[in-house]
Amino acid sequence: MSEQAPGVRIGGLTVVYKTPAGELPAVRDISLTLEPGSITGIVGESGSGKSTLALSLLNAVQPPGRIAAGSVEIDGLGDVAGLKGEELRKARGKHIGYVFQAAQNSLNPLKTVGKQLLDLGRSHGVEDLRGLVREAKELLGRMGLDGTRVLDSHQHELSGGMRQRVGIMLALVLNAHLVVLDEPTTALDMITQANILKIVREVHAERGLTTLVITHDIGVVAEVADRLAVMYGGRLVEQGPTREVLGSPRHPYTRGLIRAIPQLVGDIDEAQALPGRPPTLATVPKEGCVFRERCPLRMDVCDDVDPEAVSDGPRVVACHAVNVKEHA
Ligand SMILES: Nc1ncnc2c1ncn2[C@@H]1O[C@H](COP(=O)(O)OP(=O)(O)O)[C@@H](O)[C@H]1O
Ligand SMILES: [Mg+2]
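Residues numbered from 1 in each chain as written. Chains lettered and ligands numbered in written order. Predicted model: local features only at pLDDT ≥ 70, side-chain atom pairs only at ≥ 80, totals over all residues. Heavy atoms only, no water.

J.: Lay out the nonpolar core with the relevant residues and their values.
T.: Judged by nonpolar contacts, the single largest core of 55 residues is most densely connected at Val113, Val166, Met169, Val173, Ile218 and Tyr253. It is helix 6 (residues 160-172) that provides the largest number of residues to this core, a total of six residues. Non-local contacts of Val173, meaning those with residues more than four positions away in its chain, are made with Leu117, Leu120, Leu132, Glu135, Ala136 and Leu139. (Core = buried A, V, L, I, M, F, W, Y, C linked by side-chain atoms within 4.5 Å. Buried < 20%, exposed > 50% of the residue type's maximum accessible area, 1.4 Å probe, protein only. Helix = DSSP H or I, 4+ residues; strand = E, 2+ residues; numbered from the N terminus. Contact = heavy atoms within 4.5 Å.)

Put into structure tokens, the structure is as follows:
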């Protein structure tokens, strides 16, 4: 892989999980491009398929799940959906830095953080292990932690928020140029979260990364992402430049998400929770629009026809009601 920020092209990606009711899609026919050097945010309620999509970027979806269709083309790596074994192991960590959701629980309880750092470096053929440790301390220091102390600690000696920052450090320390952060700040208080997001942005700019940030919290992506993609029921329902999507959301789901956030609405009394609940794999409609059960703009066609994603400049929206109005 080149030393520059890679572009990523996800095309027609469908990922299914085997369930008692057969194989059901958690990600359905998603196409999304991560521009080299950009920060893309993916937002959506719990269960919308965000983590499944993120895992697909490393070809790391585990059984009972599998990539059923589509491709994930990463510059310098090719289609990762076709990578296997050693090639795949090398790509992870060195080319793709990754923080798993619940990274605060993914450390090995029996080894110090420093020992795990060295294991990681060795398994990726890092020769300058001293340099790796220096780099780790510097990243931890930037995130407000005492690097030496953290490297000497076991997982149980660290708080959830500290572990989360260790996860971010491990994703960045091998100098991967594609970084995927899945719910990187959920265990952090608001102020620490804002600080960490600032550091993510700084490191992103300094190193020239391509970054994907996944979160259920639209406030998080509002702070870091250049481009925003909104997922619901395994579908990508809207995407576009973050400022435009937040400033003039088009899809009724995006509107609902934004209306529910007091900080974005600007008035706590104006904020309104989105009515209803997100679907599960078993309850996602197989035909028609996945959002219709909760949609204030529902029309007859929404029951039968899955709305196509229609582009309008940099904005993309998959909604019959919106697209009928805009293209009439
Ligand atoms: N291992 C699994 N087996 C069966 N269903 C799963 C599995 N992992 C996730 N799912 C289902 O896939 C859907 C998407 O999950 P996920 O990708 O974790 O969404 P998100 O990250 O947006 O919360 C959910 O309905 C979830 O219950
Ligand atoms: Mg998730």
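J.: Describe the site of ligand 1, listing the residues and the values that go with them.
T.: Ligand 1 sits among Tyr17, Ala26, Glu45, Ser46, Gly47, Ser48, Gly49, Lys50, Ser51, Thr52, Pro64 and Leu281. One of the backbone nitrogen or oxygen atoms of Gly47 is found 2.7 Å away from an oxygen atom of ligand 1. Here Thr52 contributes a side-chain N or O atom positioned 2.5 Å from an oxygen atom of ligand 1. Surface burial for ligand 1 is 68%, taken as the share of its 560 Å² of free accessible area covered by protein chains. (Near = heavy atom within 4 Å. Polar contact = N/O pair within 3.5 Å; in protein donor to acceptor, adjacent residues only side chain to side chain. Areas by Shrake-Rupley, 256 points an atom, 1.4 Å probe, with all protein chains shown as cover.)

J.: Any chance you could break down unusual backbone geometry for me, citing the residues and the numbers?
T.: Cis peptide bonds are those with omega within 30 degrees of zero, and the linkage from Pro63 to Pro64 qualifies with 10 degrees. Of note, Pro64 is situated in the loop between helix 1 (50-56) and strand 4 (65-74). In this structure, Asp29 takes a positive phi of about 50 degrees despite not being glycine. Relative to the assigned elements, Asp29 resides in strand 2 (residues 22-34). Positioned with a positive phi, Glu183 is a non-glycine residue whose angle comes to about 50 degrees. Mapped onto the secondary structure, Glu183 falls in the loop between strand 7 (178-182) and helix 7 (190-207).

J.: A description of the sheet that holds strand 9 (residues 227-232) should follow, citing residues and the corresponding values.
T.: An order of 6-7-8-3-9-10-12-11 is seen for the eight strands of this open sheet, with the pairing classed as mixed. On the outer flanks of this sheet lie strand 6 (96-99) and strand 11 (310-312), each paired with one strand and no other. Between one strand axis and the next, the sheet turns through 15 degrees on average, direction left out of account. The pairing of strand 6 with strand 7 spans four bridges and is classified as parallel. In the strand pairing of strand 7, Tyr98 is matched with Val180. Here helix 6 sits on the sheet in contact with strand 6 and strand 7, set at roughly 170 degrees to strand 6. (Pairing = 2+ DSSP bridges. Axes fitted to C-alpha atoms, helices over the stretch in contact; angles between N-to-C directions.)

J.: Break down the pairing of strand 1 (residues 8-19) for me, with residues and values.
T.: Note on strand geometry: in a regular strand, side chains alternate between the two faces of the sheet. Two elements, strand 1 and strand 4, share eight bridges in a ladder whose sense is antiparallel. For Gly11, the partnering residue across the bridge sits in strand 4 and is Ser71. Here nine bridges tie strand 1 to strand 2, and the two strands are oriented antiparallel to one another. Looking at strand 2, one finds that Ile10 is bridged to Leu32. Counting the residues in the hairpin turn of strand 1 and strand 2 gives two residues.

J.: I'd like a rundown of the pattern of salt bridges, residues and numbers included.
T.: Should the charged atoms of two oppositely charged side chains come close, the side chains can pair. According to the stated counting rule, one finds 19 salt bridges in the structure shown. Taking the shortest distance from any N to any O, the salt bridge between Glu202 and Lys198 comes out at 3.5 Å. Remark: Lys198 and Glu202 occur in helix 7; sequence separation between them is four residues, near one turn of the helix. Among the residues examined, Glu202 registers a relative accessible area of 30% and is labelled partly exposed. (Salt bridge = Lys/Arg side-chain N within 4 Å of Asp/Glu carboxyl O.)

J.: Could you give an account of the sheet that holds strand 4, with specific residues and numbers?
T.: Across the sheet, four strands lie side by side as 2-1-4-5; this open sheet has antiparallel pairing. Looking along the sheet, the strands with just one partner apiece sit at the ends: strand 2 and strand 5 (78-79).

J.: Can you break down helix 4 (residues 129-142) residue by residue, with the values?
T.: Compared with the 20 Å implied by 1.5 Å per residue over 14 residues, the 20 Å span of helix 4 between its first and last C-alpha is a close match. Turning to helix 4, its buried residues are Gly131, Leu132, Ala136, Leu139 and Leu140. On its buried face, helix 4 sits against helix 3 (113-123), helix 5 (147-151), helix 6 and helix 7. Immediately downstream of helix 4, the backbone of Gly144 shows phi near 85 degrees, a positive value. (Expected span 1.5 Å × (residues − 1).)

Worth remembering: the numbers are spatial, not functional.
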